[in-house]
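Working through the structure, step by step
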Amino acid sequence: MCLALPARIVGMTSGDNAVVSLEGVKKEISLALVSGVKIGDFVLIHVGYALNTISPEEAEKTLALMAEMEVRKSELRVAAE
Amino acid sequence: MIAEGRIIIDLGLDGEVRLHTNRMASVPALLVGRSPREVVDLLPLVFSLCARAHVVAAKGALGLAVSDADRLVVLAENAREHLLRILMSWKAKDTSALPSASVMRLVADAKLGYVENSLTSYLETHIFGLPLAEFLAFNSQDVVQWITQAKTVPARYLAEIINKNWQGLGAAPTRFLPEMPMEILASRLKNPHFSQLPDWNGQPCETGPLARQSKHPMVAAAIREFGAGLIARHLARLVDLALLPSQMLAGNSSPKAVVETARGRLVHVAQVENGMITDYAIVAPTEWNFHPNGIAVQSLAALRELDKTVLSEQACAVIRAIDPCVDFEVRVV
């Protein structure tokens, strides 16, 4: 399933590309599908493309939900063992 | 660590295909213990591509009302997803890139009286280069003529497929997912493995544009001539896309826990007790199509190519035609 992956733009590179930071891991992505994105913005990423910008609040909420999902998943795994 | 899900496909020159995945999505675990309203508010935050379809399927599963606006936004999302696949991977040497801004706005712009017109205009200008009704009425000769003569990116891309003689690439016998009675589905979903590895009557099935449009004359003719390979899959996507503006105008908002997305059928099943979710299951179309014995694997097993680079290129073309909702990696071993 296509989970949302919010990441912050930390740098611009050549052409339509930018560097994002996702939990501290840096990755180069394409900005070909979005316009007006600047350093500091949060974008949702899919297969190396930024799909759209989201607000820092929305990004924070999504990242918190993802973290909660990881915790619940490991709780379920423990319960199943 | 939050990682993007990924499908990994190991491909042998002897036709052996092994598919594994590190997707491990566990959205249902996040929903248990919440109220139906909370679930509907939370889903758009956790899904990137088919978020609106997930919301409508959740509303259907939770017995909440589905509005005409919900129905319209799912169709707009389906159009965006088809166009996103085309924008990302249908490229041709002798054309400039397709404009993406209006595609990426389709979901936000999903208002009746506007979105169906803007979509029609985009499709007629950039995708087909002619009126949608004219494209939908094409016979086999018209299709060939369009591919040969039209200047649009999709026509040029399909021309390259014909030049490589890849029309039937990946053609394999396929079984389309039939209607699934809700009571049988709900009982199958009690098995936690069903959401990850679904089957119907013991068989992995295909869902998506080809399953929806296999009886359309243009697609049926391509299947008869080349099998369920690249050209049939691409024409099915184009037919599916060309039909969306008229579907936007046809109102029918009955709640449904089963929603047709661009990639195929999406199902949500929920159990609610005292206003709280006690159990939840989701089956996404990629789980059907990228099942370890599903249509993607069967199509890849049908490839006959001894050059590793070409085999890898062919595999990527087949996988993109089936269109997983997560990233993938092909390893020729």
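For the structure, see preceding data.
Bear in mind the structure is a predicted one, so any value in this text is a computation, not a measurement.

Scanning chain A for helices and strands turns up 1 helix and 5 strands. Considering only C-alpha atoms, chain A reaches an extent of 50 × 20 × 20 Å along its principal axes. Counting only contacts in chain A whose residues sit at least 6 apart along the sequence, the fraction spanning at least 24 positions is 29%.

This part covers the overall build of chain B. The number of helices and strands found in chain B is 16 helices and 6 strands. Over its C-alpha atoms chain B spans a radius of gyration of 20 Å, differing by no more than 12% from the 20 Å that the globule rule assigns to 333 residues. Taken along the three principal axes of its C-alpha coordinates, chain B extends 60 × 50 × 35 Å. Counting the 333 residues in chain B, one finds 45% classified as buried.

Quick look at the interface of chain A and chain B now. Contacts between the two partners involve 26 residues from chain A, matched on the other side by 27 residues from chain B. Counting residues per element, the side of chain A that touches chain B draws most heavily on helix α1 (residues 56-80) of chain A, at 10 residues. Its residues placed into classes, the side of chain A that touches chain B shows 16 nonpolar, 4 polar and 6 charged.

Once that is clear, we can look at unusual backbone geometry. Phi at A:V47 takes a positive value of approximately 35°, unusual for a residue other than glycine. Residue position: A:V47 is located in the loop between β4 (42-46) and β5 (49-54). Even without a glycine there, the phi angle at B:N274 is positive, about 50°. Looking at where B:N274 falls in the secondary structure, it is placed in the loop between β4 (264-273) and β5 (276-283).

All names here are of chain B. Sheet architecture is open: 3 strands sit in the order β2-β1-β6, paired in mixed fashion. Because the sheet does not close on itself, it has two edges, and the strands there are β2 (17-21) and β6 (327-332). Averaged over all pairs of adjacent strands, the angle between strand axes in this sheet comes to 15°, irrespective of strand direction. As paired strands, strand β1 (residues 6-11) and β2 are joined by 5 bridges and run antiparallel to one another. Its bridge partner lying in β2, D10 is registered against R18. Together, β1 and β6 form the strand contacts of helix α16 (residues 308-322), whose direction differs from that of β6 by roughly 155°.

Residue and element names in this part refer to chain B. Tracing the chain through its elements places Q247 in helix α13 (residues 230-249). A tally of 17 C-beta atoms within 10 Å means that Q247 is categorised as partly exposed. Sequence spacing of Q247 and L136 is 111 residues, and the spatial spacing of their C-alpha atoms is 14 Å.

Right, let's talk about helix α3 (residues 51-62) of chain B for a bit. Residues and elements named next belong to chain B. Counted at 1.5 Å a residue, the expected span for α3 with its 12 residues is 16 Å, and the 16 Å between its end C-alpha atoms agrees. Most of α3 sits out of view: 11 of its 12 residues are buried. Listed as buried for α3 are R52, A53, H54, V55, V56, A57, A58, K59, G60, A61 and L62. Considering only its buried residues, α3 is in contact with α2 (36-46), α4 (68-89), β3 (258-261) and β4.

With that settled, consider the pairing of strand β1 (residues 6-12) of chain A. On any regular strand, side chains alternate: one points to one face of the sheet, the next to the other face. Residues and elements named next belong to chain A. One ladder, built from 3 bridges, connects β1 with β4; its direction is antiparallel. Among the inter-strand pairings, R8 is bridged to a residue of β4, identified as F42. Examined bridge by bridge, β1 and strand β2 (residues 17-22) share 4 bridges and lie antiparallel to one another. Each residue of the ladder has a partner; that of I9, found in β2, is V20. Connecting the antiparallel pair β1 and β2 is a turn made up of 4 residues, with G15 showing a positive phi of about 60°.

This paragraph deals with the nonpolar core. Soluble globular proteins tend to pack their nonpolar side chains together in the buried interior. By size, the foremost hydrophobic cluster in this structure holds 115 residues, and its most contacted members are A:V43, B:F47, B:A57, B:A232 and B:L235. With residues near it in sequence (within four places) discarded, B:A232 still touches B:L210, B:V219, B:A222, B:I223 and B:F226.

All names here are of chain B. With respect to the helices and strands, the residue E206 is situated in the loop between α10 (182-188) and α11 (209-213). The sequence separation of E206 and K91 amounts to 115 residues, and the corresponding C-alpha distance is 26 Å. Among residues more than four places away in sequence, those in contact with E206 are T174, R175, F176, L177, A211, W288, N289 and I295.

The next subject is the sheet that holds β4(B). All names here are of chain B. Pairing is antiparallel in the open sheet, where 3 strands are placed in the order β3-β4-β5. The open sheet has two edge strands, β3 and β5, and neither has a second partner. The sheet shows a mean angle of 20° between the axes of neighbouring strands, taken without regard to direction. Contacting β3 and β4, α3 crosses the sheet at an angle of about 40° to β4.

This next bit is on the packing of helix α12 (residues 217-226) of chain B against α13(B). All names here are of chain B. Two numbers describe how α12 lies on α13: the axes approach to 9 Å, and their chain directions differ by 175°. Comparing their axes, α13 and α12 come out roughly antiparallel. Across the interface between the two elements, M218, V219, A222, I223 and F226 of α12 pack against I231, A232, L235, A236 and V239 of α13. Partitioning the contact of α12 with α13 into residue classes produces 10 nonpolar, no polar and no charged.

All right, on to the packing of α13(B) against α16(B) then. All names here are of chain B. At a closest axis distance of 9 Å, the pairing of α13 and α16 adopts a crossing angle of 30°. With respect to α16, the element α13 is oriented roughly parallel. The two elements α13 and α16 meet at a crossing, and its hand is left-handed. Between α13, through L230, R233 and H234, and α16, the contact on the second element is made entirely by A317, V318, A321 and I322. Of the residues contributing to the contact of α13 with α16, the split by class is 5 nonpolar, 1 polar and 1 charged.

Definitions and cut-offs
- Residues numbered from 1 in each chain as written.
- Chains lettered and ligands numbered in written order.
- Predicted model: local features only at pLDDT ≥ 70, side-chain atom pairs only at ≥ 80, totals over all residues.
- Helix = DSSP H or I, 4+ residues; strand = E, 2+ residues; numbered from the N terminus.
- Contact = placed C-beta atoms within 7 Å.
- Rg over C-alpha atoms; globule rule 2.2 N^0.38 Å.
- Buried ≥ 20, exposed ≤ 12 C-beta atoms within 10 Å, placed from the backbone.
- Nonpolar A, V, L, I, M, F, W, Y, C, P; charged D, E, K, R; others polar.
- Pairing = 2+ DSSP bridges.
- Axes fitted to C-alpha atoms, helices over the stretch in contact; angles between N-to-C directions.
- Expected span 1.5 Å × (residues − 1).
- Core = buried A, V, L, I, M, F, W, Y, C linked by C-beta atoms within 7 Å.
- Parallel < 35°, antiparallel > 145°, perpendicular 65-115°, else oblique.
- Left-handed = near helix turned anticlockwise from the far one by under 90°.

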